[in-house]
Amino acid sequence: MRAPLHITIRQLEVFESVARQLSYTRAAETLHLTQPAVSMQVKQLEESIGLPLFEQIGKKIFLTAAGELMLGHAITIQEHLKAAKEEMDELKGVDSGRLLIGVVSTVNYFAARLLASFSREYPKVELKLDVTNRETLLRKLELNEPDLVLMGQPPNNLDVNAADFMDNPLLVVAAPDHPLVKTEKIPLNSLINETFVIREKGSGTRLAMERFFADYDFKPRSTVEMAGNEVIKQAIEVGLGLSVLSEHTVDLELSASRLIKLDVIGTPIIRRWYIAHRTGKRLTPTAASFKQFVLDEGARQSRKSRN
Ligand code: PGA
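Only a predicted model underlies this, so the values are computations on that prediction, with no experimental measurement involved. (Residues numbered from 1 in each chain as written. Predicted model: local features only at pLDDT ≥ 70, side-chain atom pairs only at ≥ 80, totals over all residues. Heavy atoms only, no water.)

**Student:** When you look at the overall build of the chain in this model, what are you seeing that I'm missing?
**Tutor:** Scanning the chain from N- to C-terminus turns up 10 helices and 11 strands. Since a compact globule built from 307 residues should have a radius of gyration of about 19 Å, the 32 Å found for the chain marks it as more spread out than a globular shape. When the backbone C-alpha atoms are referred to their principal axes, the chain occupies close to 105 × 45 × 30 Å. The burial tally for the chain puts 43% of its 307 residues in the buried class. The contacts of the chain with a sequence gap of at least 6 include a subset with a gap of at least 24, amounting to 76%. Taking the average location of the 39 positive side-chain charges in the chain and that of its 39 negative ones, the two points are 2 Å from each other. (Helix = DSSP H or I, 4+ residues; strand = E, 2+ residues; numbered from the N terminus. Rg over C-alpha atoms; globule rule 2.2 N^0.38 Å. Buried < 20%, exposed > 50% of the residue type's maximum accessible area, 1.4 Å probe, protein only. Contact = heavy atoms within 4.5 Å. Lys, Arg positive; Asp, Glu negative; His and termini not counted. Charge placed at Lys NZ, Arg CZ, Asp CG, Glu CD.)

**Student:** So what exactly am I meant to see when it comes to the site of the ligand here?
**Tutor:** Close to the ligand lie 13 residues; Ser 105, Thr 106, Ser 203, Thr 205 and Arg 271 are nearest. Within the contact set of the ligand, an oxygen atom lies 2.8 Å away from a side-chain nitrogen or oxygen of Ser 105. Here an oxygen atom of the ligand sits 2.7 Å away from a polar atom, N or O, in the side chain of Thr 205. Relative to its unbound accessible surface of 280 Å², the ligand loses 100% to contact with the protein. More than half of the atoms of the ligand fall within 2 Å of the grid points belonging to the largest cavity. Looking at the shell around the ligand, the elements with two or more residues in it are α7 (204-215) and β11 (269-278). Classifying every residue of the shell around the ligand gives 2 nonpolar, 8 polar and 3 charged. (Near = heavy atom within 4 Å. Polar contact = N/O pair within 3.5 Å; in protein donor to acceptor, adjacent residues only side chain to side chain. Areas by Shrake-Rupley, 256 points an atom, 1.4 Å probe, with all protein chains shown as cover. 1 Å grid on protein atoms, 1.4 Å probe; cavity = no way out; pocket = protein on both sides within 12 Å on 5 of 7 lines; lining within 4 Å. Sits in = over half its atoms within 2 Å of the grid points. Nonpolar A, V, L, I, M, F, W, Y, C, P; charged D, E, K, R; others polar.)

**Student:** Quick question: what am I supposed to make of the domain arrangement of the chain here?
**Tutor:** When the parts of a complex come together, some accessible area is lost, and that lost area is often taken as the interface size. Entries for the chain in the domain assignment read domain 1 (1-94), domain 2 (95-166 + 272-306) and domain 3 (167-270). Inter-centroid distance (C-alpha atoms) of domain 1 to domain 3 is 71 Å. (Domains from an automatic or database assignment.)

**Student:** Which parts of the structure should I look at to understand the packing of helix α1 (residues 9-21) against helix α3 (residues 35-49)?
**Tutor:** Describing two packed helices takes the angle between their axes plus the distance from one axis to the other. Closest axis-to-axis distance for the α1/α3 pair is 9 Å, and the angle between their directions is 110°. As the angle between them shows, α1 and α3 are arranged roughly perpendicular. For α1 against α3, the interelement crossing comes out left-handed. The segment α1 lies against α3, with Arg 10, Gln 11, Val 14, Phe 15 and Val 18 engaging Val 38, Gln 41, Val 42, Gln 44 and Leu 45. Grouping the amino acids of the contact of α1 with α3 by side-chain chemistry returns 6 nonpolar, 3 polar and 1 charged. (Axes fitted to C-alpha atoms, helices over the stretch in contact; angles between N-to-C directions. Parallel < 35°, antiparallel > 145°, perpendicular 65-115°, else oblique. Left-handed = near helix turned anticlockwise from the far one by under 90°.)

**Student:** When you look at the packing of aromatic side chains in this model, what are you seeing that I'm missing?
**Tutor:** The geometry of two aromatic rings is summed up by the distance between their centres and the angle between their planes. The full count for this structure, using the stated rule, is 12 aromatic pairs. Between Phe 196 and Phe 213, the ring centres sit 5.2 Å apart and the planes meet at 80°, which makes this aromatic pair edge-to-face. Of this pair, Phe 196 sits in strand β7 (residues 195-199) while Phe 213 sits in helix α7, and the two are 17 residues apart along the sequence. Summarising the burial analysis for this pair, Phe 196 and Phe 213 share the class buried. Where Phe 213 meets Phe 218, the ring centres are 4.8 Å apart and the plane angle is 80°; that geometry is what we call edge-to-face. Judged on exposure class, the residue Phe 213 and its partner Phe 218 are both buried. (Phe/Tyr/Trp six-rings, centres within 6.5 Å; stacked < 30°, edge-to-face > 60°.)

**Student:** Where do I start with the nonpolar core in this structure?
**Tutor:** Nonpolar side chains in soluble globular proteins tend to end up buried together. Counting residues in hydrophobic clusters, the biggest one holds 31 residues, and the most contacted among them are Val 107, Leu 150, Phe 165, Ile 275 and Phe 290. Here this core gets 5 residues from one element, more than from any other, and that element is helix α5 (residues 108-121). Not counting the four nearest positions on each side in its chain, Val 107 is found in contact with Leu 150, Met 151 and Trp 273. (Core = buried A, V, L, I, M, F, W, Y, C linked by side-chain atoms within 4.5 Å.)

**Student:** Could you clarify how one ought to interpret the pattern of salt bridges in this entry?
**Tutor:** Pairing of side chains with opposite charge becomes possible as their charged atoms draw close. Throughout the structure, instances matching the rule amount to 16 salt bridges. Asp 167 serves as the salt-bridge partner of Arg 272, at 2.8 Å between the closest nitrogen and oxygen. Of the two residues, Arg 272 is situated in strand β11 and Asp 167 in strand β6 (residues 160-174); the sequence distance between them amounts to 105 residues. Judged by relative accessible area, Asp 167 falls into the partly exposed class, the value being 36%. Through salt bridges with shared partners, one network takes in Glu 230, Lys 233, Glu 237, Glu 253 and Arg 258. (Salt bridge = Lys/Arg side-chain N within 4 Å of Asp/Glu carboxyl O.)

**Student:** Just checking my understanding: could you explain empty space enclosed by the protein for this structure?
**Tutor:** Space left empty within the atom packing is revealed by a probe, the size of a water molecule, rolled over the atoms. For the structure on display, the rule yields 2 cavities of 30 Å³ or more. One number sums up the size of the largest cavity: a volume of about 100 Å³. In this structure, the largest cavity is lined by 14 residues; those nearest its centre are Val 104, Thr 106, Gly 204, Thr 205 and Trp 273. If you list the elements that add at least two residues to the lining of the largest cavity, you get α7 and β11. Looking at the lining of the largest cavity residue by residue, the classes come out as 2 nonpolar, 9 polar and 3 charged. Structurally, the lining of the largest cavity is a two-domain feature, drawing no fewer than three residues from each of domain 2 (95-166 + 272-306) and domain 3 (167-270). (Points joined across faces, edges and corners; volume = space filled by probe spheres on them.)

The structure is reproduced here in C-alpha cells:
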C-alpha cells in the first residue's frame, strides 16, 4: 500500500506563491515570511511528495514536471477551500441561504402570505414550500428533509421540537340554503342524517374531526371522502352535505356567503398550529430567523383577534 501524502494547506499556499512568481524572495514578501521559512515549507513539501518541485538553472528557478502537476492541484485545492469558506459564511448569515418549509395542505391557505412577508424582509433567502397532507409531511419530517414544518398537533411517536403559534378553529360548514342556517346551538347528534364530506385518510383535519365525533359519540349515517380542501368546499357549495374544515380554508367563502358555518355545539373546535423540526436538528441562522418570524407573526395575529 502506498503511504498517504502528508502535506499541509500552508505548504501548498507557499508552494503556489513561489511557483506563480518563480521566486523565493517575492513569495516571502507576498506572504510576509522570511525567505528561509519559505524554502523550508517547499523543502518539506518536496520531501513528502518524494520529488523535486523546482530546479535551479543559473540564477533562475523553474518548475519541474512534478512541480507543474502539483501547481494545478494546489490551485484546485485552494479554490475548493475558498468556495467552502464562502458557503460556510453564507450559512452563517441570516439574510441569505436556502429554506425548505414543509406545510400541511390546510396551512397552505396562509403560508403564502407568511412567506411573502418573510421574503420582503429577507429578499436574498431562497424559499421553497412543500405542500402535502399530514401523513406525508410526517414522513418527510422523520427523514429530516425540511428545515421546518408548519402543521397541526405534532405526533407523539416522533421526537420533535414544536412551538405553537396560532389558533386553528375548525367549523362545521354548509351551503347557504341549508335549513339549519339560522338555528342556534345545534346538537351534533341532530346532524345524524346529514351526509358529511370528509378529508382523505392521513389528513390532520380528518383526525381532528374524528376525535370531535368520538367525543360526542357521533357517527353520521353517510360520508363521502374527498382528497383536499378545495374539492370539499366545492362539494359543500353545491349542496352535497356538510363538512368540518379549518376556518383558514373557508374564510373567503364565508365572507362572500358562498358557504356558511353552522352553530354546532362544541364548535369551533380549537386546535393550534405548530412550527416544528426534529429534536436535535441544528437550525441554520436563516431557519432560526424564519421560526422567530412565524412565532412573532402568530403573536401579532392573536393580539389582533383579541382587540
Ligand atoms: P391537513 O392537516 O391539511 O392534512 O388536514 C391539517 C392539520 O394538521 O391540522
